[in-house]
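# Analysis of the macromolecular model
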Amino acid sequence: MPDSPPVPESVPAPVPAPRPTDPTLAAVLCDDEFDSPARLLGGRPGPWAALGLFVLAAGADACLYPSFGGAGFAALAVLAGALLLGSAAGRPGGLALALGAALLLAAARAAWQMGTACAILLALCVLAFAIAARARGLRLPRVLLLAVPTLLGGGRRLLLFFRGLFAPIGESPSRLRALVVPVLLAGVFLLLFTLANPILEKAWRTAIEWIHVPWSRVLFWIASLWVFAALLRPVGPIPAPPGPDIPAAAKGLPLGFSDFASALGTLVVLNVLFLAFNALDAVYLWLHARLPLGVTYSEYAHRGVTWLTVALALSSLVLGLLFSGSLKDHPRRRTLEILAYLWAAQNLVLALGSFRRIQMYIECYGLTRLRIVGIAGTALVVVGLVFMVWMVNRKKGFGWLARADAAAFCVALVLLAVSPLDGLVARYNVDCVLKGQSRPLSFLVGQPITAESLPPIADLLAHPDPVISRGAEAFLARRLEALEREQALAAGWRAFQGSRACALSRLRALRERLFKRPYDERHADEKALLDLVRPWRD
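Model, not experiment: these values are computed from the prediction.

How each quantity is defined
- Residues numbered from 1 in each chain as written.
- Predicted model: local features only at pLDDT ≥ 70, side-chain atom pairs only at ≥ 80, totals over all residues.
- Heavy atoms only, no water.
- Helix = DSSP H or I, 4+ residues; strand = E, 2+ residues; numbered from the N terminus.
- Polar contact = N/O pair within 3.5 Å; in protein donor to acceptor, adjacent residues only side chain to side chain.
- Contact = heavy atoms within 4.5 Å.
- Patch = residues over 30% accessible without salt bridge, like charges linked within 9 Å, V, L, I, M, F, W, Y side chains within 5 Å.
- Areas by Shrake-Rupley, 256 points an atom, 1.4 Å probe, with all protein chains shown as cover.
- Salt bridge = Lys/Arg side-chain N within 4 Å of Asp/Glu carboxyl O.
- Core = buried A, V, L, I, M, F, W, Y, C linked by side-chain atoms within 4.5 Å.
- Buried < 20%, exposed > 50% of the residue type's maximum accessible area, 1.4 Å probe, protein only.
- pLDDT = per-residue confidence, 0-100.
- Expected span 1.5 Å × (residues − 1).

## Topic: the side chain of Glu-337
Relative to the assigned elements, Glu-337 resides in helix H14 (residues 333–365). Here Arg-334 takes part through its side chain, which lies 3.0 Å from a polar atom of the side chain of Glu-337. Ignoring sequence-local partners within four residues, the contact set of Glu-337 consists of Phe-323 and Val-392.

Given below as structure tokens:
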């Protein structure tokens, strides 16, 4: 029996090379999410999507044109959020729900009193919600980075909406064609009749002269269609194709420490440096030693807050990078952990010193919005430091730390934007003035304030010092007149502000007392109050 022919051995398929690790910081911050290119979320728009786009643009026109206010912004944001949620397929994810809650809080704050931070937060919430509602599973840093290409691609999305509006003509003659074709043919014939009939031509010319084209409104509609087309069809990531497993060592952070000796030396030096600085701080902040000649407590407290906050943030970054590289699984990692925990404890002492500086400055000069932001910034950095310690203890990656810090920052931004900071500042400073301090007056009547601050200032009418009480009367009388003029010029419901309505209600109840003296006396009383606070303003 003849031998059977040999069976050729199967050639193993070539193993695809692993994808190189992205050396950019963006890829590090969110692990592999940034390796994916962008795609269009929601598919190609059809007639219903085009109708939603028109409704949003018309809503923007009704809420923001020709004048706008907090209530208009709030109404438009809620309308956009509702349509975006309704157009998304499936149930929204956890991030979308959180962003929707932040959107509603920001809208409520805008209806109460609009501010720059509130407007920025409202725009970010709507934009991020548009992406998160359609792309489930994304994390917040990736959503924020996708916001840029989403907005820049609004023009291309608008063309897709236009094409989607007329796409069903060839597919469904009984629907859109039944509407579009007659309108187009009627327009063509009307043009021909107008050219052929002088009476129609004269009527057409009269109509053209009567109808004034508001180019500002045309540009507003174009901008609105651009933005809302981008929101209805945002950009999302394309999932990366499956590939072979990449060794853990290949995923190491390029920016991390790879030399144990350098990491050990860094932690030792920084611990010694922070110990010396905290000891120096303790002498002047906690033991109240006399400062060197030429340095005041005001300067010492004021200059330290900003730079110490930067130092705290940099500490979190260094520790995060330190334990994200090849040292993450080093056999002598425990030694580094002990030094890291010691340095974290010294950072907490540094944060306490920063809080103490802010407290000293507030006790001396009063409270301002910027000082509240400073407190929030320092607290946010401390939270980031706690996240860093947790990352070291649980052996998590730098991407986890970046995502946790981004989430904490967004929560802080929401809280600051929706909190009635002006009312809180005025309430604190008024209480200080009623207790006998005079410096906080410079933040009440010595600079521009919002309507939210006026109801607490009315309590100064009971101050025992006639310069303060009568000056407050004159100041509030002038502000009441300004608020009433502003209310009269307000363009309907769009410009409604709850804080202005509340201030008008409170000051109108005091009208008889505020205007019991003639204008000349009120002017002199307010000038006397301003002269009192002028030394603290200069």
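## Focus on a nonpolar patch on the surface
A cluster of nonpolar side chains, contributed by Trp-48, Leu-51, Phe-54 and Val-55, occupies part of the molecular surface with about 470 Å² of accessible area. Structurally, the position occupied by Trp-48 is in helix H2 (residues 47–64).

## Things to note about the nonpolar core
Membership of the largest hydrophobic core comes to 48 residues, with the highest contact counts inside it found for Leu-84, Leu-121, Val-126, Phe-161, Phe-228 and Leu-231. Elements supplying a minimum of two residues to this core: H2, helix H3 (70–87), helix H4 (94–112), helix H5 (116–132), helix H6 (140–152), helix H11 (215–232) and helix H16 (398–418). Considering each element in turn, this core owes the most residues, eleven residues, to H5. Phe-228 has contacts with Leu-53, Leu-56, Ala-57, Ala-60, Leu-76 and Ala-80, leaving out every residue within four places of it along the chain.

## What to know about the confidence of the model for the chain
The predicted coordinates of low-pLDDT regions are not to be read in fine detail. Confidence in the prediction of the chain, expressed as mean pLDDT, is 78, and 77% of residues score 70 or more. The weakest mean pLDDT in the chain belongs to helix H1 (residues 25–29) at 34; the strongest belongs to helix H18 (residues 454–457) at 94. Considering only residues more than four positions removed or in separate chains, one finds that residues 7–37, a stretch of pLDDT under 50, has 41 contacts. Across residues 243–258, where pLDDT falls below 50, the model places 28 contacts with residues more than four positions away in sequence or in other chains.

## Thoughts on helix H15 (residues 369–394)
With 26 residues, H15 should cover 38 Å at 1.5 Å per step; its first-to-last C-alpha distance of 37 Å lies within 8% of that length. Lys-395 sits one or two positions beyond H15 and adopts a positive phi of about 55°.

## What to know about H11
The terminal C-alpha atoms of H11, which comprises 18 residues, lie 25 Å apart, in line with the 26 Å expected from a rise of 1.5 Å per residue. Every buried residue of H11 is listed here: Ser-224, Phe-228, Ala-229, Ala-230, Leu-231 and Leu-232.

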